[in-house]
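# Architecture at a glance
Chain by chain, the residues:
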Amino acid sequence: MAGRRTNLGLFALLLAALATGTAAYATGTPAAARVVVAAHAVVGLALLILSPAKSVIVRRGLRRPRAGKADSIAFGVLILLTLATGMAHAAGWVAIGGLRLLLFHVGAALLAIPLGVRHVSTRPVTPRQTDWSRRTLLKAGGVLGGGGIAVVATERIVTAGGLPGAQRRQTGSHEAGTGNPEQMPVTQWIADAVPAIDPADYRLRLAVAGATTTFTLAQLRRPGDPVTATLDCTGGWFAEQEWAGTRLDRLVGDPGDARSVAVRSATGYTRRFPLRDLPHLLLATDVAGGPLSAGHGAPLRLVAPGRRGFWWVKWVTDVTVDDRPWWLQPPFPLQ
Ligand SMILES: Nc1nc2c(c(=O)[nH]1)N[C@H]1C(S)=C(S)[C@@H](COP(=O)(O)O)O[C@H]1N2
Ligand SMILES: [Mo]
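Quick summary incoming for the structure in this document.

Calculation criteria
- Residues numbered from 1 in each chain as written.
- Chains lettered and ligands numbered in written order.
- Predicted model: local features only at pLDDT ≥ 70, side-chain atom pairs only at ≥ 80, totals over all residues.
- Heavy atoms only, no water.
- Patch = residues over 30% accessible without salt bridge, like charges linked within 9 Å, V, L, I, M, F, W, Y side chains within 5 Å.
- Areas by Shrake-Rupley, 256 points an atom, 1.4 Å probe, with all protein chains shown as cover.
- Salt bridge = Lys/Arg side-chain N within 4 Å of Asp/Glu carboxyl O.
- Helix = DSSP H or I, 4+ residues; strand = E, 2+ residues; numbered from the N terminus.
- Buried < 20%, exposed > 50% of the residue type's maximum accessible area, 1.4 Å probe, protein only.
- Contact = heavy atoms within 4.5 Å.
- Polar contact = N/O pair within 3.5 Å; in protein donor to acceptor, adjacent residues only side chain to side chain.
- Expected span 1.5 Å × (residues − 1).
- Pairing = 2+ DSSP bridges.
- Axes fitted to C-alpha atoms, helices over the stretch in contact; angles between N-to-C directions.
- Near = heavy atom within 4 Å.
- Nonpolar A, V, L, I, M, F, W, Y, C, P; charged D, E, K, R; others polar.
- Lys, Arg positive; Asp, Glu negative; His and termini not counted.
- Charge placed at Lys NZ, Arg CZ, Asp CG, Glu CD.
- Phe/Tyr/Trp six-rings, centres within 6.5 Å; stacked < 30°, edge-to-face > 60°.

A surface patch of nonpolar side chains, amounting to about 490 Å² of accessible area, comprises Trp93, Ile96, Leu99, Leu103 and Phe104. Examined against the element boundaries, Leu103 turns out to sit in helix α4 (residues 101-122). Taking relative accessible area as the criterion, Leu103 reaches 55% and is therefore assigned exposed.

Here we take up the environment of Lys314. Counting through the fold element by element, Lys314 comes out in the loop between β12 (301-303) and β13 (316-322). Sequence separation between Lys314 and Leu283 is 31 residues, and the spatial gap between their C-alpha atoms is 9.6 Å. If sequence neighbours within four positions are ignored, Lys314 has contacts with Val186, Thr187, Gln188, Ser265, Gly295, His296, Gly297, Leu300 and Arg301. Within the structure, the side chain of Lys314 is placed 2.9 Å from the backbone oxygen of Gly295, a separation counted as a polar contact.

This part covers helix α1 (residues 4-26). Note on helix geometry: an α-helix contains 3.6 residues per turn, so any two residues three or four positions apart are oriented the same way. In this model α1 runs 33 Å from its N-terminal to its C-terminal C-alpha over 23 residues, within 8% of the 33 Å that 1.5 Å per residue would give. Residues of α1 that are buried include every one of Arg4, Thr6, Asn7, Leu8, Leu10, Leu13, Ala17, Thr20, Gly21, Ala24 and Tyr25, and no others. Tucked inside the fold, the buried residues of α1 contact α2 (30-63), α4 and α5 (134-160).

With mixed pairing, the five strands of this open sheet are ordered in space as β5-β4-β13-β8-β9. Looking at strand neighbours, the two that pair on one side only are β5 (211-216) and β9 (270-274), the edges of this open sheet. Neighbour-to-neighbour, the strand axes of this sheet turn through a mean angle of 15°, independent of strand direction. Sheet analysis places strand β4 (residues 203-208) next to β13, joined by four bridges and oriented parallel. What sits directly across from Leu206, in β13, is Val319.

Now for the site of ligand 1. Ligand 1 sits among 22 residues. The nearest are Pro185, Asp192, His296, Arg301 and Lys314. Note that an oxygen atom of ligand 1 is positioned 2.8 Å from one of the backbone N or O atoms of Trp189. One of the side-chain nitrogen or oxygen atoms of Asp192 is found 2.7 Å away from a nitrogen atom of ligand 1. Within the complex, 100% of the 530 Å² of free accessible area of ligand 1 lies under protein. Here the shell around ligand 1 is composed, by residue class, of twelve nonpolar, seven polar and three charged.

On the surface, Arg59, Arg60, Arg63, Arg64 and Arg66 cluster together into a patch of positive charge. One can find Arg63 in helix α2. The exposed category is assigned to Arg63, whose relative accessible area is 69%.

It is worth spelling out the pairing of strand β8 (residues 260-265) at this point. Of all six residues in β8, five are buried; the element is thus mostly enclosed. As judged from the five bridges shared by β8 and β9, these two strands associate in the antiparallel manner. Bridged to Ser260 within β9 is Pro274. Once β8 ends, the chain turns through four residues before running back antiparallel as β9, passing Gly268 with a positive phi of about 100°. Sheet topology note: the β8/β13 ladder contains six bridges and is antiparallel.

Another point: the packing of aromatic side chains. All chains considered together, the criterion is met by six aromatic pairs. An angle of 10° between the planes, with centres 6.2 Å apart, marks the rings of Trp189 and Phe332 as stacked. Pair noted here: Trp189 is in the loop between β3 (174-175) and β4 and Phe332 is in the segment after β13, with a separation of 143 residues, a long-range link. Ring centres 5.5 Å apart and planes at 65° place the aromatic pair Trp243 and Trp312 in the edge-to-face group.

Purely spatial values, then, with no claim about function.
Spelled out as C-alpha cells, the structure:
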C-alpha cells in the first residue's frame with residue numbers, strides 16, 4: 001500500500017505533538033520551555049510538510065465507501081484547525097472575540113483525540129521490518145530537518161515583518177500588562193469564578209503537621225517581602241510584576257519531615273507543591289505597589305516563580321503542610 005509510511009510518520013508526529021504540547025503547558029522556566037516549545041514547533045511544521053503526501057491519500061480514500069468516513073474527515077479538519085491556530089498564535093494573533101487563540105488550539109487538539117483513536121483503529125497500519133530501512137530513516141530525518149528549517153524560516157519572517165510574535169517569551173506567550181496589573185488579563189483555569197471576600201472577615205488557615213494557626217489580613221499584609229516574578233498563563237500571555245506580601249516559609253517555620261504544601265482557594269481550587277518550593281512561594285497581598293484586585297486574587301494569592309499561571313492560586317484561604325507526595329494530584333487542575 002503506497003502511503004503507509006506517510007501515515008506511520010503522521011501518526012508518530014501527532015503523538016510527538018501531543019507530548020510536546022502537554023510538556024509545554026507543564027514547563028515554566030524559560031530555559032526548559034525554549035527547548036520544549038521549539039520541539040513542538042518543529043513537529044507541527046513537519047506535519048505540514050507531510051500534508052501534500054497525505055492529501056493524495058485522502059483524495060483516494062474519499063472516493064471509496066468506508067466506515068467512519070465522517071469521523072475521519074472531522075479528525076482531519078480538527079488537526080488542520082490545531083495547526084492553523086498554533087501558527088497564528090506564533091505569528092502574534094492572540095484572541096478571537098475575546099477568547100484566547102490557544103483555547104481553540106488546545107480545544108481542537110483535545111476533540112481530535114477520540115476521533116483520531118477511531119480513525120487509526122479502523123484503518124490500522126502495522127509497521128513492518130522494512131520500515132526501519134536506512135532509506136526510511138533518512139526520509140524521516142529529512143521531514144524533521146525540514147520542520148526545523150521551516151521553524152527557523154518562519155521565525156525570521158515574523159521578526160523581519162515586525163509581527164507581534166517576535167516579542168514572545170520562551171514559553172511562547174505574548175506580553176500583556178507588565179508593571180500594570182490593570183492591563184493584565186483576569187484568567188481562570190477552567191470554570192472558577194471571582195468570589196467576593198470581605199477583608200475584615202478574612203482568615204488564612206495554616207496547618208502544619210496537623211496543628212492549625214489562623215492569620216488575619218493585617219498579619220499578612222506586610223509588604224516586606226517583594227518578589228519580581230512573571231505570571232505566565234497557558235492561555236498564551238505573560239506579565240512581569242513586583243509582588244509583595246509574606247514569604248510562606250516565614251509563616252510555616254519548621255516543616256518537620258513534611259513532604260509537600262497544598263494551597264487552596266476560597267473556591268476549592270487547589271495545587272500541591274513539593275516542600276523544596278517552600279522558600280520560593282510568596283503569599284501576596286499587593287502587586288505593583290497597590291493592593292490586589294478581586295480578579296487578580298484579593299485578598300491573598302500565591303506567587304510561584306518559575307511555575308506556569310495555573311499554579312498561582314488566587315483567593316487563598318488554606319495552606320496545608322503535610323507528608324503527602326506532591327505529585328498525588330492531576331498534572332493540570334480539573335476545576
Ligand atoms: N482559585 C483560582 N486560582 C487561579 C485560577 C483559577 O481558576 N482559580 N487560575 C489560574 C490561572 S490558569 C492563571 S493564568 C492565573 C491568572 O491570574 P490573574 O487572573 O491574576 O491574571 O491564576 C491562577 N489562579
Ligand atoms: Mo492560566
